[in-house]
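Residue strings, one per chain:
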Amino acid sequence: MQAEQLKDLIVNSLEDVKAQDISVIDVRDRTSVTDFMVLASGTSNRHVKSLADSVVLDAKEKGVRISSVEGGGGSDWILVDMGDVVVHVMMPATREFYDLERFWRDAPDLGAAGSE
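Residues numbered from 1 in each chain as written. Predicted model: local features only at pLDDT ≥ 70, side-chain atom pairs only at ≥ 80, totals over all residues. Heavy atoms only, no water.

> Could you give me a rundown of the pairing of strand E1 (residues 20-26), with the residues and numbers involved?
Within E1, five of the seven residues are buried, leaving the element largely enclosed by the surrounding structure. Where E1 lies against strand E2 (residues 36-41), five bridges are found, and the strand directions are antiparallel. The residue bridging Ser 23 from the neighbouring strand is Leu 39, located in E2. (Buried < 20%, exposed > 50% of the residue type's maximum accessible area, 1.4 Å probe, protein only. Helix = DSSP H or I, 4+ residues; strand = E, 2+ residues; numbered from the N terminus. Pairing = 2+ DSSP bridges.)

> How would you sum up the pairing of E2? Please name residues and give values.
Of all six residues making up E2, six are buried, and the element is well covered by its neighbours. Neither face of E2 is exposed, since Phe 36, Val 38 and Ala 40 on one face and Met 37, Leu 39 and Ser 41 on the opposite face are all buried. Two elements, E2 and strand E5 (residues 85-90), share six bridges in a ladder whose sense is parallel. Along E5, the bridge assignment pairs Phe 36 with Val 85.

> So what's going on with the pattern of salt bridges? Which residues, and what values?
Inspection of every chain in the model, using the stated rule, returns eight salt bridges. Between Glu 4 and Arg 28 there is a salt bridge, with the nearest N and O atoms lying 3.2 Å from each other. You can see Glu 4 sitting in helix H1 (residues 3-16) and its partner Arg 28 sitting in the loop between E1 and E2, a full 24 residues away along the chain. Residue class for Glu 4 comes out partly exposed when judged on its relative accessible area of 35%. Close ionic contact of Asp 53 with Lys 49 constitutes a salt bridge, the shortest N to O distance being 3.1 Å. A residue pair is termed a helical-turn pair when its members lie 3 or 4 positions apart in one helix, as Asp 53 and Lys 49 do in helix H2 (residues 45-61) at four residues. (Salt bridge = Lys/Arg side-chain N within 4 Å of Asp/Glu carboxyl O.)

> Can you explain the side chain of Ser 54? Please cite residues and give values.
Checked against the element boundaries, Ser 54 lands in helix H2. When its relative accessible area of 13% is taken as the criterion, Ser 54 is described as buried. Residue contacts for Ser 54: discarding those within four places in its chain leaves Ser 13 and Val 17. (Contact = heavy atoms within 4.5 Å.)

> So what about the packing of H1 against H2? Which residues, and what values?
One way to put it is that H1 packs onto H2 with a least axis distance of 9 Å and a crossing angle of 135 degrees. When the axes of H1 and H2 are compared, the pair comes out oblique. Crossing hand, H1 versus H2: right-handed. Contacts between H1 and H2 involve Leu 9, Ile 10, Ser 13 and Leu 14 from the former and Leu 51, Ser 54, Val 55, Asp 58 and Ala 59 from the latter. Its residues assigned to classes, the contact of H1 with H2 shows six nonpolar, two polar and one charged. (Axes fitted to C-alpha atoms, helices over the stretch in contact; angles between N-to-C directions. Parallel < 35°, antiparallel > 145°, perpendicular 65-115°, else oblique. Left-handed = near helix turned anticlockwise from the far one by under 90°. Nonpolar A, V, L, I, M, F, W, Y, C, P; charged D, E, K, R; others polar.)

Okay, structure coming up:
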């Protein structure tokens, strides 16, 4: 699956389980580690976990290999690494504190739907 298709699959999966404040950042010209970063917020630790679980399940159903999942259980931040796309699902306070969007401020923000 191409990076663009994977990004769209992830955004749809997050929208299906009511993720809040979904943001897609194109980092292809900034790093060789990944092509896109997808950030989303959950309303509780349980919601954060269900968002990450939904992304993993939907990706696996499409044959996507998950490199790693960091965090879980009662975590405020779960990272799902799929190679071409890295997903950060966080509680709003954690997201505000770490402000990952600030680090990539100059990268194109593709918004929730992935279109500029």
